[in-house]
Amino acid sequence: MEVIPQVAKGLQVTITVLLASALLAYLLAFVAGLSKLSNNVLIRKATGVYVEIFRGTSLIVQLFWLYYAIPMLFGIQLGTNWWIGVIAIGLNYGAYLSEVVRSSIVAVDKGQSEAATALNMSSFQRMRLIIFPQAVRMMLPEFGNYTILILKSTSLVSLIGLHDVLYYGDIIRSTNASATPIVYGVILVFYFILALPLIWMTRKGEAIAKKGAASS
Amino acid sequence: MTEPIVQYRDVYKSFGDVKVLKGINLDIHAGEKVAVIGPSGSGKTTIIRMLMTLEEPTSGDIIVSGENLWKMEKNGKEVRANEKHLRKVRGDIGMVFQHFNLFPHMTILENCMTAPIHVKKEDKHEVRERAIQMLERVGLGDKIDNYPSQLSGGQKQRVAMARAVVMRPKIMLFDEVTSALDPELVGEVLEVIRDLAQHEDMAMVLVTHEMDFALDIADKVLFLDEGVIAEQGSARDVIEHSQNERLQSFLSRFRA
């Protein structure tokens, strides 16, 4: 069987793009999620524009924008293909996850903030010590789910010439059409095995979320 | 008599078009135990929530230890208090809530330690000892490493009281602290309040429906009706000698 080692050559790209774009997405999620709760109207509005644009349009088109359109329009290269893939996926899922961050913070029971005020905490201490730790617990399952989605979206980077597992599969298929079923079967299994720890982490997250957060 | 520790001066509070408090004037002295009674919706809870800075008065002043709680001086002008001012003035006030509001992500002991350590910057070991002592005093010495979700309502409320007392407030506010409890758990919470009232020299303001209990421990009783203090005085004066018809009919509902 030539297929498994061939496809496995793409694992490095799939996994590194997954990790990097997930990290970028988490980072953006917290920045944008907190910005949406800012007292400053301008910050809220600007964040809203980012979130709605990236949630409201297709990830493939965003990827092609960064890869083809922006270099043509502005004459700048955003980085290697790997970076462009990471940035596109990170921006896209960061927008979705920012809503998870925002809604989790809002969902912490108002009594928690009041009790913290009664203990004379500052608004920053209320957020850091009381609200945020509980909100994070509520976020965990959704973060797990979206990370699984990010894994599956990494397959799009084969469209901008990155050598991930799907790319190597396509190559085998184009030279040996009769292997098509086995090639895509192997790729499915690869994605599933990669998703297993994420699925497990999501379960774990749900268990943690169940205890330790007061929701209204 | 010494200067009151808290003074309400002509305090009004509206929520939208609803006028909840219509001119509250009230003095609370150091160490005084005050019970606030009255029908639902009369504004009892709002009175203490304004003192805890959870609601801002629509007009009027609340003076705490000589400082205006909701107003401050800026460039010689009186302006709305900012957070720094609120924190400075409310530092001696603590509160216990109807729904406990324990922090569910912390153990019982951590619930009691977090504010003294982070807000008052006190020594961790000293705070820990004080918190354990306080939890033992409310009968929960064997639960310090449990999480709030593992406790009964009565136990939660006792933790909430310990958490507030560890901050050493000069004024403690109790907002219907037994209303959310099963009847058989009310007694253990009242026991703790009685203990605090007898052995701590802090002022206490109790908003409550536990009429007999309130009248028993209070130095002063306020009867709040339709947003004003309709009657105030010692428990005996208010109960036995008041001519106020609405008060009498309110009290009669608590007597079988």
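Residues numbered from 1 in each chain as written. Chains lettered and ligands numbered in written order. Predicted model: local features only at pLDDT ≥ 70, side-chain atom pairs only at ≥ 80, totals over all residues. Heavy atoms only, no water.

For chain B, the name recorded in an unreviewed UniProt entry is Ectoine/hydroxyectoine ABC transporter ATP-binding protein EhuA, with Oceanobacillus luteolus as its organism. Under the Subcellular location (unreviewed entry) heading, UniProt states for chain B: "Cell membrane". (UniProt positions renumbered as here; feature names shortened; annotations may be inferred.)

If you look chain A up in an unreviewed UniProt entry, it shows as Amino acid ABC transporter permease from Oceanobacillus luteolus. For the record of chain A, the UniProt heading Sequence similarities (unreviewed entry) holds the text "Belongs to the binding-protein-dependent transport system permease family." UniProt, in its Subcellular location (unreviewed entry) section for chain A, records the words "Cell membrane".

(A) The arrangement of the overall build of chain A in detail. Of regular secondary structure, chain A possesses nine helices and zero strands. In chain A, the succession of α and β elements from N to C terminus is α-α-α-α-α-α-α-α-α. The principal-axis extent of the C-alpha atoms belonging to chain A is close to 70 × 45 × 20 Å. Counting across all 216 residues of chain A, residues that qualify as buried make up 47%. Counted over contacts in chain A with a minimum sequence separation of 6, partners at least 24 positions apart contribute 78%. Working note: accessible area of chain A is about 10,900 Å², and carbon and sulfur atoms make up 69% of it. (Helix = DSSP H or I, 4+ residues; strand = E, 2+ residues; numbered from the N terminus. Buried < 20%, exposed > 50% of the residue type's maximum accessible area, 1.4 Å probe, protein only. Contact = heavy atoms within 4.5 Å. Areas by Shrake-Rupley, 256 points an atom, 1.4 Å probe, with all protein chains shown as cover.)

(B) Here's a closer look at the pairing of strand β6 (residues 71-74) of chain B. Residues and elements named next belong to chain B. The sheet contact formed by β6 and strand β7 (residues 77-80) spans four bridges and is antiparallel. Across the sheet, the residue bridging to K71 is R80, located in β7. Linking β6 to β7, which pair antiparallel, is a turn of two residues; within it N75 sits at a positive phi near 50 degrees. (Pairing = 2+ DSSP bridges.)

(C) Here's a closer look at the sheet that holds strand β9 (residues 171-175) of chain B. Residue and element names in this part refer to chain B. Read from one edge to the other, the open sheet built from six strands follows the order β8-β9-β10-β3-β11-β12, with strand pairing classed as mixed. Taken across any chain shown, the strands that pair with only one partner, and hence form the sheet edges, are β8 (93-96) and β12 (228-233). Mean inter-strand twist for the sheet, computed between neighbouring axes without regard to direction, equals 20 degrees. Bridge analysis of strand β3 (residues 33-37) against strand β10 (residues 203-207) gives four bridges, and the strand direction is parallel. Bridge pairing in β10 links V34 to V205. (Axes fitted to C-alpha atoms, helices over the stretch in contact; angles between N-to-C directions.)

(D) Seen up close, the interface of chain B and chain A. Each partner contributes residues to the interface: chain B has 25 residues there, and chain A has 25 residues. Approximately 1,900 Å² of surface area, both sides summed, lies buried where chain B meets chain A, with 58% of it carried by carbon and sulfur atoms. Per-residue buried area on chain B facing chain A is highest for F103, P104 and H105 of chain B; these three make up 27% of the total on that side. The interface formed by chain B and chain A includes two salt bridges. (Buried area = accessible area lost by both parts, 1.4 Å probe. Salt bridge = Lys/Arg side-chain N within 4 Å of Asp/Glu carboxyl O.)

(E) Representation of helix α6 (residues 183-199) of chain B within the structure. All names here are of chain B. Between the first and last C-alpha of α6 there are 26 Å, a value that for 17 residues agrees with the 24 Å anticipated at 1.5 Å per step. Regarding α6, the residues found buried are L185, V186, V189, L190, V192, I193, D195, L196 and A197. Residues of α6 that are buried make contact with β3, α4 (124-137), α5 (153-166), β9, β10 and α7 (211-217). (Expected span 1.5 Å × (residues − 1).)

(F) Geometry of the confidence of the model for chain A. Looking at chain A as a whole, the pLDDT averages 92, with 97% of positions reaching at least 70. Looking across chain A, the model is least confident in helix α1 (residues 3-8) of chain A, with a mean pLDDT of 88, and most confident in helix α6 (residues 110-118) of chain A, with 97. (pLDDT = per-residue confidence, 0-100.)

(G) Just the side chain of T178 of chain B, in detail. Residue and element names in this part refer to chain B. If you trace the backbone, T178 turns up in the loop between β9 and α6. Looking at T178, the relative accessible area reads 7%, which means it is buried. Excluding residues that lie within four positions of it along the chain, T178 makes contacts with V186, V189, L190 and E210.

(H) Quick peek at helix α9 (residues 180-210) of chain A. All names here are of chain A. Compared with the 45 Å implied by 1.5 Å per residue over 31 residues, the 44 Å span of α9 between its first and last C-alpha is a close match. Listed as buried for α9 are V183, V186, I187, F190, Y191, L194, A195, L198, T202, G205 and A209. Of the surrounding elements, those touching the buried residues of α9 are α1, α2 (11-35), α7 (123-153) and α8 (165-175).

(I) Representation of the packing of aromatic side chains in the model. Under the definition given, this model contains 12 aromatic pairs over all chains. Between the aromatic rings of Y50 of chain A and F54 of chain A, the centroid separation amounts to 5.3 Å while the plane-to-plane angle is 50 degrees, which identifies the pairing as tilted. Of this pair, Y50 of chain A and F54 of chain A both sit in helix α3 (residues 41-56), four residues apart, which is roughly one turn of that helix. A single burial state applies to Y50 of chain A and to F54 of chain A, both of which are buried. An aromatic cluster of at least three residues, connected via ring pairs, comprises Y26, F30, F132 and F143 of chain A. Positioned over the ring face of F103 of chain B is R163 of chain B, at 4.4 Å from the centre of the ring. (Phe/Tyr/Trp six-rings, centres within 6.5 Å; stacked < 30°, edge-to-face > 60°. Lys NZ or Arg CZ within 6 Å of the ring centre and 35° of its normal.)

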